[in-house]
Amino acid sequence: MLREKLKQKIISEPTECMAYLTELVKSNRIYNGEVLAIIIDVIKNGPYQLTNTQWDALLDKGLLPDFYVECDSCEDTIPWSEMYHAIFIARDHYCPFCRYLANKENTRLLD
Ligand SMILES: [Zn+2]
């Protein structure tokens, strides 16, 4: 289940996740005050001290469904460092490899 996978990914890659959360906060993407407070807490202190209630808010109101995606093409996970790009910049919900393939395909159409 995506929710459980997400929680494990936060716990196993806290530094990378915190960098992504920082990007979300700095670009004013978080509107929910409760979620924003929890995210700032995670950025400062890591995810380990969150209560179950805070986890619920972070996962269900904070990251899912819009701020955490898996690759639309291969359903692989997208690295934290690529998440912001996939959602907000490229808006393709692709992992870097699938984006590379898609771009290659698009470029070939010009030939
Ligand atoms: Zn992919």
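What counts and how
- Residues numbered from 1 in each chain as written.
- Predicted model: local features only at pLDDT ≥ 70, side-chain atom pairs only at ≥ 80, totals over all residues.
- Heavy atoms only, no water.
- Donors = N, O, S within 2.8 Å, 3.2 Å for Na, K, Ca; no water.
- Tetrahedral: all angles 85-135°; square planar, octahedral: opposite > 155°, others 65-115°.
- Helix = DSSP H or I, 4+ residues; strand = E, 2+ residues; numbered from the N terminus.
- Buried < 20%, exposed > 50% of the residue type's maximum accessible area, 1.4 Å probe, protein only.
- Phe/Tyr/Trp six-rings, centres within 6.5 Å; stacked < 30°, edge-to-face > 60°.
- Lys NZ or Arg CZ within 6 Å of the ring centre and 35° of its normal.

Draft legend 1. A look at the coordination of the zinc ion. All of the protein donors around the zinc ion are Cys71 (SG), Cys74 (SG), Cys95 (SG) and Cys98 (SG); their distances to the metal are 2.2 to 2.3 Å. Geometry at the zinc ion is tetrahedral, judged from the four donor atoms that bind it and their angles of 107 to 115 degrees at the metal. Within one chain, the residues serving as donors to the zinc ion are arranged as C-x2-C-x20-C-x2-C. Residue Cys74 is located in the loop between α4 (52–63) and α5 (80–89), and its partner Cys98 is located in helix α6 (residues 96–108); the two are separated by 24 residues in the primary sequence. By relative accessible area, which is 38% here, Cys74 ends up partly exposed. The class of Cys98 is buried, set by a relative accessible area of 9%.

Draft legend 2. Looking closely at the environment of Thr15. As for its placement among the helices and strands, Thr15 is situated in helix α2 (residues 14–26). Judged by its relative accessible area of 60%, Thr15 is exposed. Spatially, the C-alpha atom of Thr15 lies 17 Å from that of Leu59, the residues being 44 residues apart in sequence.

Draft legend 3. Layout of the packing of aromatic side chains. For the coordinates displayed, the defined rule picks out four aromatic pairs. A ring pair is formed by Tyr84 and Phe88, whose centres lie 4.7 Å apart and whose planes are at 45 degrees; its orientation type is tilted. Taken together, the residues Tyr84 and Phe88, both in helix α5 and four residues apart, mark about one turn of the helix. Accessibility expressed as a relative area gives 12% for Tyr84, which makes it buried. Among the aromatic residues, those joined into a ring-pair cluster are Tyr20, Tyr68 and Trp80. One cation-aromatic arrangement involves Arg29 over Phe88; the distance from NZ or CZ to the ring centre is 4.0 Å.

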